[in-house]
Amino acid sequence: MASSLSYVEFAVEQMSGAGTVTYRRMFGEYGLYCDGKYFGCICNDRVLIKITPAGEALVPDCPRGIPYEGGGEMLLPDAEDREALAELVRVTCAALPAKKPRKKKT
């Protein structure tokens, strides 16, 4: 079941305290970006966030889920808790490596 656009917009609004959060349609679902850095996805109307040591330390009891068959395990936070979700996105993105610049065509 694909995610509804209304749920995606709701979840992105819930994360807005973390920075400029955007989404991009990917493989029938949605990839999530904060200030241009990919940090998670929305699949089947569920928010899934990459696992980092900082994120695990912040929410050690957070349930986990797999976004799609063959995908890796990710954190499955409560999208209703706006402050906790924004903080998780903030610490996760801070722990992720910087976005690599695109190579110029020669």
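Each value, and the rule that gives it
- Residues numbered from 1 in each chain as written.
- Predicted model: local features only at pLDDT ≥ 70, side-chain atom pairs only at ≥ 80, totals over all residues.
- Heavy atoms only, no water.
- Helix = DSSP H or I, 4+ residues; strand = E, 2+ residues; numbered from the N terminus.
- Rg over C-alpha atoms; globule rule 2.2 N^0.38 Å.
- Buried < 20%, exposed > 50% of the residue type's maximum accessible area, 1.4 Å probe, protein only.
- Contact = heavy atoms within 4.5 Å.
- Areas by Shrake-Rupley, 256 points an atom, 1.4 Å probe, with all protein chains shown as cover.
- Lys, Arg positive; Asp, Glu negative; His and termini not counted.
- Charge placed at Lys NZ, Arg CZ, Asp CG, Glu CD.
- Pairing = 2+ DSSP bridges.
- Salt bridge = Lys/Arg side-chain N within 4 Å of Asp/Glu carboxyl O.
- Polar contact = N/O pair within 3.5 Å; in protein donor to acceptor, adjacent residues only side chain to side chain.
- Expected span 1.5 Å × (residues − 1).
- Disulfide = S-S within 2.5 Å.
- 1 Å grid on protein atoms, 1.4 Å probe; cavity = no way out; pocket = protein on both sides within 12 Å on 5 of 7 lines; lining within 4 Å.
- Points joined across faces, edges and corners; volume = space filled by probe spheres on them.
- Nonpolar A, V, L, I, M, F, W, Y, C, P; charged D, E, K, R; others polar.

**Student:** A description of the overall build of the protein chain should follow, citing residues and the corresponding values.
**Tutor:** Along the backbone of the protein chain there are three helices and six strands. Secondary structure elements of the protein chain, listed N to C terminal, follow the sequence α-β-β-β-β-α-β-β-α. For the protein chain, the C-alpha radius of gyration of 14 Å lies close to 13 Å, the compact-globule estimate for 106 residues. Looking at the protein chain residue by residue over its 106 residues, the buried ones come to 41%. Across the protein chain, every contact between residues at least 6 apart in sequence was considered, and the portion connecting residues at least 24 apart equals 52%. A total of about 6,600 Å² of accessible surface is found on the protein chain, and carbon and sulfur atoms cover 55% of it. Positive and negative charge centroids in the protein chain, built from 14 and 14 side chains respectively, lie 17 Å apart.

**Student:** So what's going on with the pairing of strand E1 (residues 21–26)? Residues and values would help.
**Tutor:** Pairing geometry for E1 and strand E2 (residues 29–34), over six bridges, is antiparallel. Bridge assignment links Met26 to a residue of E2, and that residue is Glu29. Hairpin connection of E1 to E2: two residues between the antiparallel strands, including Phe27 at a positive phi of 55°.

**Student:** For the side chain of Glu29, give the residues involved together with the corresponding values.
**Tutor:** Mapped onto the elements of the fold, Glu29 is located in strand E2. At 5.7 Å, Arg25 is the nearest oppositely charged side chain to Glu29, a buried residue that forms no salt bridge. There is a polar contact of 2.6 Å between the side chain of Glu29 and the side chain of Ser3.

**Student:** Before we move on, could you go through helix H3 (residues 82–95) and cite the residues and values that matter?
**Tutor:** The end-to-end C-alpha distance of H3 is 20 Å, a good match for the 20 Å that 14 residues give at a rise of 1.5 Å each. Where H3 is concerned, the buried positions are Leu85, Ala86, Leu88, Val89, Val91, Thr92 and Cys93. Here the buried face of H3 lies against helix H1 (5–14), E2, strand E3 (37–43), strand E4 (46–49), helix H2 (53–58) and strand E6 (74–75).

**Student:** Which residues make up the state of the cysteines, and what values go with them?
**Tutor:** What the rule picks out here adds up to zero disulfides. Its sulfur unpaired, Cys34 is 4.4 Å from the next cysteine sulfur, which belongs to Cys93. Judged by its relative accessible area of 4%, Cys34 falls in the buried class. Cys41 provides the cysteine sulfur closest to Cys43, a residue in no disulfide bond, and the two sulfurs are 3.7 Å apart.

**Student:** Describe the layout of surface pockets, with residues and values.
**Tutor:** The calculated volume of the largest pocket comes to roughly 250 Å³. Along the walls of the largest pocket sit 14 residues, with Met26, Phe27, Cys41, Cys43 and Tyr68 positioned nearest its centre. Broken down by class, the residue content of the lining of the largest pocket amounts to nine nonpolar, three polar and two charged. Put simply, the second largest pocket is a space of about 210 Å³. Around the second largest pocket, the lining residues are Arg24, Tyr33, Gly36, Lys37, Tyr38, Lys50, Leu96, Pro97, Lys99, Lys100 and Arg102. Within the lining of the second largest pocket, the residues separate by chemical class into four nonpolar, one polar and six charged.

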